[in-house]
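Examining the three-dimensional arrangement
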Amino acid sequence: MSFSAQPLDIFIIGGGPAGLGTAIVAAQHGLGVAVADHSHPPIDKVCGEGLMPDTLSAMKKLGITVGHGEAVPLRGIRFRDADSLTCVEAEFSQGFGLGLRRTVLHAKLVERAAGLGVALLWGCRVSLGRDGQVFCEGRPVHCKWVIGADGESSPSRKWAALEQTRYEQIRFAARQHFCTTPWTDFVEVYWARDCQIVVAPIASEELCIAVTSRRPGLRFRDAFDQVPALASRLRNVCALGKVRGTRAALRRLRRVCHGRCALVGDASGSVDPLTGEGIGLAFRQAVALVEAIKRSEGHLSRAQSNQLHSYQAAHDRIGRAPRLMSRLMLTMDAHPQWRQRALRILAAEPSLFSRLLDVNVGELTFSRFGLGNALRLGCRLFRPGWEL
Ligand SMILES: Cc1cc2nc3c(=O)[nH]c(=O)nc-3n(C[C@H](O)[C@H](O)[C@H](O)COP(=O)(O)OP(=O)(O)OC[C@H]3O[C@@H](n4cnc5c(N)ncnc54)[C@H](O)[C@@H]3O)c2cc1C
């Protein structure tokens, strides 16, 4: 392990997309940053590996580009109901998304951070002493700001006394890659009895398949039995690597910063994987956090608890649409009849689905989605006996 003998501006715990994204933005602003992660790059993780158009815009601002052949362009999102076979799809109204292997994204973030002079400490576990001192592999860390970017089950959230939630809903997820020619350039979401299966093309001969479910015991392969159309497509297809599992949370914290500590990415709360917005959110939070830190520099004598209040406000605002979309997805998951009705309505009026997709990817605000659209959707959903 090596990092500067000089006190750092920012020490970041966790070198996933949120930690590296924050380090890149901080370094772009001339701050001295170190990132410590107990794993070694490129770090893989359970992920649907679909990057929405707004995530790509955020990545561009970090100076990250994706070359031809490294990823697969995605045209939009398609929902399919496994029981009723209802299908609804919408194209992204601005640009395109990308199917990109998680390890490729991580390698790019690492390369960019290193190029900007960020100290990268791999294989280093961070811990907290009794007096609140942060240690990296047993050595005390001296810095102005400590950022927790240590993921969904973040230990630093607890250390910073920020673990109080407004709400939390835990599901379970697993992912595996498959070697086959993608049959579509849409991200497909199959809605089944106990789970959703997300299929994203990530290379000319490779698919990423992620299963998310309320049932902790649902086995990855058993999920396919609930979607016969997908099971038959995959019957003779070779799986690549092992199935990886994780928890998936919709979580909103009461606070994401306190004194000289702040949380970013999944550590700061997360949205449901079906939104495909986790990584984009982390990058936008990174920008807001570094802006708040820059703004508070020069005011270090002030009561520290107030220093990052603009980050708290920005964090709340940035997550609003994906949080709402997460709730919609979870309601559809929990109430099959309601889901089938919603999908039939959207299939009959695809422009509504397009507008919902625009809201999810930040192309459209709620106010522009319109009270009229919301009421039309709501009335149809809740009108008794409505049939198509
Ligand atoms: C099933 C599923 C599908 C998803 N699909 C998508 C998708 O298609 N598109 C999308 O944008 N998002 C998706 N997401 C969300 C996305 O994966 C997360 O939002 C994103 O990984 C968050 O990044 P992070 O850096 O906050 O956390 P992580 O990627 O979890 O990184 C945290 C890092 O902290 C390190 N760490 C933890 N504790 C310590 C410690 N004590 N010391 C040092 N290091 C530590 C870990 O090693 C890890 O590298 C999906 C999530 C799930 C579960």
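Residues numbered from 1 in each chain as written. Predicted model: local features only at pLDDT ≥ 70, side-chain atom pairs only at ≥ 80, totals over all residues. Heavy atoms only, no water.

1. Points about the sheet that holds strand β10 (residues 134-136)
For the record, the criterion: In this description, strands pair whenever DSSP reports at least two bridges between them. Secondary structure is summarised from DSSP: a helix means a run of H or I of at least four residues, a strand means a run of E of at least two, and numbering begins at the N terminus for each.
Taken together, three strands build an open sheet; the order of strands is β9-β10-β11 and the sheet is antiparallel. The sheet is open, and its two borders are formed by β9 (126-128) and β11 (139-140), each paired with just one other strand. Two elements, β9 and β10, share three bridges in a ladder whose sense is antiparallel. Along β10, the bridge assignment pairs valine 126 with cysteine 136.

2. Section: the packing of helix α2 (residues 53-61) against helix α7 (residues 278-296)
Selection criterion: Convention adopted: a line fitted to C-alpha atoms gives each axis, helices being fitted over their contacting stretch, and angles between N-to-C directions are expressed from 0 to 180 degrees. A clockwise turn of the near helix away from the far one marks a right-handed crossing, whereas an anticlockwise turn of less than a right angle marks a left-handed crossing. The contact rule is simple, with two residues in contact once any of their heavy atoms fall within 4.5 Å. Classification convention: Asp, Glu, Lys, Arg as charged; Ala, Val, Leu, Ile, Met, Phe, Trp, Tyr, Cys, Pro as nonpolar; all other residues, Gly among them, as polar.
Viewed as axis vectors pointing N to C, α2 and α7 meet at an angle of 35 degrees, and their least axial separation amounts to 8 Å. The crossing of α2 and α7 is left-handed. Across the interface between the two elements, Asp54, Thr55, Ala58 and Met59 from α2 touch Ile279, Gly280, Phe283 and Arg284 from α7. Residue composition of the contact of α2 with α7, by class: four nonpolar, two polar and two charged.

3. Looking at the sheet that holds strand β7 (residues 97-99)
With respect to topology, three strands assemble into an open sheet ordered β3-β7-β4, the strand pairing being antiparallel. Looking along the sheet, the strands with just one partner apiece sit at the ends: β3 (50-51) and β4 (72-74). Relative to β7, β4 is paired through three bridges, and the arrangement is antiparallel. Counted as the bridge partner of leucine 74 is glycine 97 from β7.

4. Overview of the environment of valine 110
Within the fold, valine 110 resides in helix α3 (residues 102-115). Sequence separation between valine 110 and proline 17 is 93 residues, and the spatial gap between their C-alpha atoms is 9.3 Å.

5. Quick word on the site of the ligand
Where we set the bar: The near set for a molecule or strand comprises every residue that places at least one heavy atom within 4 Å of it. Residues adjacent in sequence count toward polar contacts only when both atoms are side-chain atoms; beyond that, a polar contact is any pair of N or O atoms within 3.5 Å, and within protein one must be able to donate a hydrogen and the other to accept it. All accessible-area figures derive from a Shrake-Rupley calculation using a 1.4 Å probe, and residue coverage is judged against the displayed protein chains alone.
Surveying the vicinity of the ligand reveals 32 residues, the closest of which are Asp37, Gly48, Gly50, Arg102 and Asp266. Within the backbone of glycine 50, one N or O atom sits 2.8 Å away from a nitrogen atom of the ligand. Measuring from an oxygen atom of the ligand, one finds a side-chain N or O atom of arginine 102 at 2.7 Å. Relative to its unbound accessible surface of 1000 Å², the ligand loses 91% to contact with the protein. Elements supplying a minimum of two residues to the shell around the ligand: α1 (17-28), β2 (33-37) and α7. A per-class count over the shell around the ligand returns 13 nonpolar, 11 polar and eight charged.

6. Considering α3
We apply this condition: Expected helix span is given by 1.5 Å per residue-to-residue step, counting one fewer step than there are residues. Only protein chains enter the accessibility calculation, which uses a 1.4 Å probe; a residue whose area is less than 20% of its type maximum is buried, one above 50% is exposed, and one in between is partly exposed.
Look at α3: 20 Å from first C-alpha to last across 14 residues, which is about the 20 Å you get at 1.5 Å a residue. Those residues of α3 that fall on the buried side of the exposure criterion are Arg102, Leu105, His106, Lys108, Leu109, Val110 and Ala113. Buried-residue contacts for α3 involve α1, α2, β8 (119-122) and α7.

7. Some points on the pairing of strand β14 (residues 186-191)
Most of β14 sits inside the fold, with six of its six residues counted as buried. By the alternation rule, side chains of β14 split into Phe186, Glu188 and Tyr190 and Val187, Val189 and Trp191, which are all buried. Bridging between strand β5 (residues 76-81) and β14 involves six bridges; their strand directions are parallel. Bridge pairing in β14 links isoleucine 77 to valine 187. The pairing of β14 with strand β15 (residues 195-203) spans four bridges and is antiparallel.

8. Points about the side chain of arginine 323
Threshold: Here Asp and Glu are counted as negative and Lys and Arg as positive; His is not counted, and neither are the chain ends. When a carboxyl oxygen of Asp or Glu lies within 4 Å of a side-chain nitrogen of Lys or Arg, that pair is called a salt bridge.
Mapped onto the elements, arginine 323 comes out in helix α9 (residues 320-334). In this structure, arginine 323 is buried with no salt-bridge partner, the nearest side chain bearing the opposite charge being aspartate 316 at 5.2 Å. Apart from residues no more than four positions distant in its own chain, arginine 323 is found in contact with Tyr167, Arg252, Val271, His315 and Asp316.

9. Some words on the domain arrangement of the protein
Convention followed: Those domain boundaries reflect an automatic or database domain assignment. A quick way to say it: buried area is the sum, across both parts, of accessible area lost when two parts are put together, with a 1.4 Å probe.
Domain assignment breaks the protein into domain 1 (8-63 + 101-167 + 252-319) and domain 2 (322-328 + 335-382). With centres defined by C-alpha atoms, the gap from domain 1 to domain 2 works out at 32 Å. Taken together, the contacts link 14 residues of domain 1 with seven residues of domain 2. Both faces considered, domain 1 and domain 2 share a buried interface measuring about 920 Å² in area, 54% of it formed by carbon and sulfur atoms. For the pair domain 1 and domain 2, the interface holds four residue pairs in polar contact (both at pLDDT 80 or more). Those elements that place two or more of their residues in the side of domain 1 that touches domain 2 are α2 and α8 (309-318).

10. Brief notes about the pattern of salt bridges
Summed over all chains, the structure comprises 25 salt bridges. Of the charged contacts, one joins arginine 175 and aspartate 44 as a salt bridge, the two residues approaching to 3.0 Å between their closest N and O atoms. Note that arginine 175 is positioned in strand β13 (residues 165-179) and aspartate 44 in the loop between β2 and β3, a separation of 131 residues in sequence. Residues joined in a network through salt bridges with shared partners are Arg78, Arg80, Glu89 and Glu188.

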